[in-house]
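Chain and residue survey
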Amino acid sequence: MNGVQVYVPRDSSAVSVGAHEVAAALEQEAGVRLLRNGSRGMLWAEPLVEVVTERGRIGYPNVSAADVPGLVEQGMLTGADVGGCLGVVEEHEWLASQHRVSFARVGVIEPTDITAYAEHGGWAGLHRALSMDPADVVEEVVTSGLRGRGGAGFPTGIKWRTVLQAEADVKFVCCNLDEGDSGTFADRVLAEGDPFTLIEGMLITAHAVGATEGFVYVRSEYPDAIVTLRRAIDIAYAHGYLGADVQGSSLSFDLQVRVGAGAYICGEETSMLDSLEGRRGEVRAKPPIPALSGLFGRPTVVNNLLSFAAVPMILADGGEAYAARGTGRSRGTQVCQLAGNIARGGIVEVDFGITVRELLEGYGGGTRSGRPIKTAQLGGPLGAYLHPDQFDVPMDYEALAEAGAMVGHGGMVLFDDTVDMAGMARFAMEFCAAESCGKCTPCRVGSVRGVETIDRIRGGQDREKNLVLLQDLCATMTKGSLCAMGGLTPMPVTSALKHFPEDFDVAPGSDLADLTPTDSDNLQATQHSAISERSTT
Amino acid sequence: MSAQIDATTRAHTVRAITQGYARERGPLLLVLHAVQAELGHIDDADIPAIADVLNLSVAEVHGVVSFYKDFRTEPPAAHVVQVCRAEACQALGAQPLFAAATEAASARNGVEVEEIFCFGNCALGPTVSLDGRLHGRVDEARLSELMGQWA
């Protein structure tokens, strides 16, 4: 095939700022062979056009359809330094300084090109796993130190071991792709950009635990991910990677996509299982744990997409290679997502241990508005708001917990100094009221009372009494809720008040600003167990 | 989506769709998505038919329809604007944008506005979807331009 190869992402974020129109304009140019890759995760540069040259793939950021004829005339197709050219994309500091494991192929290849997948290291983990005893595959993952990337941080290998040892007529593997947390989009970008990595990770899991059926639960807000995954699954079946006797082995595994229906709570693993069973997505009480009694009461592995996406590399290169990265009990890489009011938002996959400041001010480049940073919310709508003074905390499950925050799914949302933190605290309660499944009272009723109480505080009505009431309410929700939705909603509320009391008309340093109950150690322990046992993506 | 079909045809269609998924594990959400995709909404009259084919109670099916925000029990407007109101888009002005969309929609017929909590486009917000097409970096002027295409 002749012509200059030109990549234009078909990732839905790139498309939201005009990538399809840019692709159409490039197709009008003579000598262009258009390819549609996923996004490199440099979302600040989208639509990012890459031209293949002898030097490598040369990047042109923020191209619009109207720019195309001019750029071509100025020599874009030969890699000329025009239009804010980024040079060779892989050598650009923003990418070159990352350590991409799960995202190694995203943005590089066409998402459903199974040949390119194999040429870029795909299936190596699966082939090694299939040559191993299932128990040894599980131990390899235990060795890697991989912890659940959905937010709970539970050791993946330990979960798998439980499922492997369970006796049942059928076992399931379920991928939680109900990525509902604001500020997180890594699951979507990977599903749209490199779906075979997920399929490979789930196949390895199935072999390790003895499962024969799998489901990918995707939220309905991700229509492009649904289409891409379904296409990839069809192709994998056609090439003998799904179905009976996978690649001539004794493994049989059937996989299908199931679509959610607009309920945030279905990112909580037991709600997701009920939803997969065709029921209301209500949280289940534990025990029993899903590893023993999950989907349709059978032993079930439920992992986040990013957990599965780490598995192929762990099997290909060995658990120790993965464990060699990271810090403390947080091993390997974390896929960080920079979002909100940020100059260079996107995906940064780096070893655990990097500081929040390096991410937000280094990679992120501060606010998009150019105004001073006021706060960042880490780990989704149930995560804490940090004060910039805390930004030197490293990305590490334990270090963040100590700082009163959490890794969550790795999302961080930056805000400039115009944000009203009392308004954000109210929104946290409002969101919980809108999305609570309704099963337990602290969450269902507490969130509604929380909105009302914060409204009274903001309105200056009995401020002192209502702050005490809010403290009591937050303690009840934290300790009494069935899952992380109600249990963690107080986190953004209390952190907003603690770090930004002036937004609540409370004097800095006042006791009223610190809602942490007096038995704080106890609370910390409760929160930690809430996070580690009840994952919400 | 068919605008008007008679009750008998509708009931027949709903049963046929439901039967197509009846052998799947936990098929109810699959069925409801398919009925809505084909007929635009899930009518009260569809629920007993679905329950009958799947051997569920009417209450169980009704409970699922009412639990999930995606399932609508009325036909949709001609045009739907979905505005993300989650934190990352709020950091870039999603709240006033949502208010502007609501006001613009109230001034014309056949447009409805929905709030959405996250499209996963959090690095390029504020994000709006118009009739299923995602747009990033939308300010009030851009929203007005996009909605103007429906004039």
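Computed from a predicted structure; not experimentally measured. (Residues numbered from 1 in each chain as written. Chains lettered and ligands numbered in written order. Predicted model: local features only at pLDDT ≥ 70, side-chain atom pairs only at ≥ 80, totals over all residues.)

A word on the overall build of chain A
On a plain count of helices and strands, chain A comes out with 22 helices and 16 strands. Oriented by its inertia axes, the alpha-carbon framework of chain A measures out at about 75 × 60 × 40 Å. By residue count, 59% of the 537 residues in chain A fall in the buried class. Put simply, of all contacts in chain A between residues at least 6 apart along the chain, 72% involve residues at least 24 apart. (Helix = DSSP H or I, 4+ residues; strand = E, 2+ residues; numbered from the N terminus. Buried ≥ 20, exposed ≤ 12 C-beta atoms within 10 Å, placed from the backbone. Contact = placed C-beta atoms within 7 Å.)

Some remarks on the overall build of chain B
Secondary structure assignment for chain B yields seven helices and four strands. Helices and strands appear in chain B in the N-to-C order α-α-α-α-β-α-α-β-β-β-α. A principal-axis box enclosing the C-alpha atoms of chain B has dimensions of 50 × 30 × 20 Å. In chain B, the share of contacts with a sequence separation of at least 24, taken over all contacts with a separation of at least 6, comes to 60%.

Observations concerning the sheet that holds strand β3 (residues 49–53) of chain A
Residue and element names in this part refer to chain A. The five strands lie next to each other as β2-β1-β3-β4-β5, forming an open sheet whose pairing is mixed. Looking along the sheet, the strands with just one partner apiece sit at the ends: β2 (32–35) and β5 (87–88). As paired elements, strand β4 (residues 56–60) and β5 share two bridges and run antiparallel to each other. Its bridge partner being in β5, Ile58 is matched across the sheet by Val88. In this fold helix α2 (residues 19–27) packs onto β1 (4–7), β2 and β3, with an angle of close to 155° to the strand it touches most, β2. (Pairing = 2+ DSSP bridges. Axes fitted to C-alpha atoms, helices over the stretch in contact; angles between N-to-C directions.)

A closer look at the sheet that holds strand β14 (residues 373–378) of chain A
All names here are of chain A. The sheet built from five strands is open, its strands ordered β13-β12-β16-β14-β15 with mixed pairing. Pairing within the sheet leaves two strands with one partner each, and these edge strands are β13 (346–351) and β15 (385–386). In this sheet, strand β16 (residues 411–416) lies alongside strand β12 (residues 333–340) in parallel orientation, the contact comprising four bridges. Bridge pairing links Leu338 to Met412 in β16.

Focus: the packing of helix α10 (residues 195–209) of chain A against helix α13 (residues 305–317) of chain A
Residues and elements named next belong to chain A. For the pair α10 and α13, the least separation of the axes is 7 Å and the interaxial angle reads 75°. Put simply, α10 runs roughly perpendicular to α13. Across from Thr197, Leu198, Glu200, Gly201, Met202, Ile204 and Thr205 in α10, the residues of α13 making contact are Leu305, Phe308, Ala309, Val311, Pro312 and Leu315. Taken together, the residues of the contact of α10 with α13 break down into nine nonpolar, three polar and one charged. (Parallel < 35°, antiparallel > 145°, perpendicular 65-115°, else oblique. Nonpolar A, V, L, I, M, F, W, Y, C, P; charged D, E, K, R; others polar.)

What to know about the domain arrangement of chain A
Assigned domains of chain A: these are domain 1 (4–92), domain 2 (114–324), domain 3 (334–416) and domain 4 (423–533). Taken together, the 13 residues of domain 2 of chain A in the interface contact ten residues of domain 4 of chain A. (Domains from an automatic or database assignment.)

Thoughts on the interface of chain B and chain A
Contacts between the two partners involve 32 residues from chain B and, on the opposite side, 46 residues from chain A. Looking at the side of chain B that touches chain A residue by residue, the class counts come to 19 nonpolar, eight polar and five charged.

A word on the nonpolar core
Judged by nonpolar contacts, the single largest core of 211 residues is most densely connected at Cys174(A), Ile199(A), Leu338(A) and Met412(A). In this structure, Leu338(A) is in contact with Gly345(A), Gly346(A), Val348(A), Leu359(A), Leu360(A), Tyr363(A), Gly364(A), Met412(A) and Ala123(B), ignoring residues within four places of it in sequence. (Core = buried A, V, L, I, M, F, W, Y, C linked by C-beta atoms within 7 Å.)

Structural notes on the confidence of the model for chain A
In the predicted model, chain A carries a mean pLDDT of 94, and the fraction of residues at 70 or more is 96%. Predicted confidence for residues 518–537 of chain A stays below pLDDT 50, and this span has 47 contacts to residues more than four positions away or in other chains. (pLDDT = per-residue confidence, 0-100.)

Overview of the environment of Val393(A)
All names here are of chain A. Within the secondary structure, Val393 sits in the loop between β15 and α16 (397–402). Residues Val393 and Ala191, spaced 202 residues apart in sequence, show a C-alpha to C-alpha distance of 30 Å. Every residue in contact with Val393, bar those within four places of it in the chain, is listed here: Thr355, Val356, Ala399, Leu400 and Ala403.

Things to note about helix α15 (residues 356–363) of chain A
Residues separated by three or four positions in an α-helix point in the same direction, a consequence of the helix having 3.6 residues per turn. Residues and elements named next belong to chain A. Listed as buried for α15 are Val356, Leu359, Leu360 and Tyr363. Down the axis of α15, the sector holding all buried residues measures 115°, keeping them to one side. Buried positions along α15 lie against α4 (93–96), β12, β13, β14, β15 and β16. Positive backbone phi, approximately 70°, marks Gly365, located one or two places after α15. (Arc of directions from axis to C-beta.)

As for the packing of helix α6 (residues 94–106) of chain B against helix α7 (residues 140–148) of chain B
Residue and element names in this part refer to chain B. Two elements in contact, α6 and α7, have axes separated by 10 Å at closest approach and are oriented at 30°. Here α6 is positioned roughly parallel relative to α7, judged by the angle of their axes. Handedness of the crossing formed by α6 with α7: right-handed. Contact with α6, carried on its side by Leu97, Ala100, Ala101 and Ala104, involves Glu140, Leu143, Ser144 and Met147 of α7 and no other residues of that element. (Left-handed = near helix turned anticlockwise from the far one by under 90°.)

A short note on the pairing of strand β9 (residues 300–304) of chain A
Moving residue by residue along a regular strand, the side chains alternate between the two faces of the sheet. Burial within β9(A) is extensive, with five of its five residues counted as buried. What you see with β9(A) is no split at all: Thr300(A), Val302(A) and Asn304(A) on one side and Val301(A) and Asn303(A) on the other are buried throughout.

Things to note about the pairing of β12(A)
Residue and element names in this part refer to chain A. With eight of eight residues buried, β12 is to be regarded as a mostly interior element. Both β12 and β13 contribute to a ladder of six bridges, which runs antiparallel. Its bridge partner being in β13, Leu338 is matched across the sheet by Gly346. Here β12 folds back onto β13 in antiparallel fashion, the turn holding five residues.

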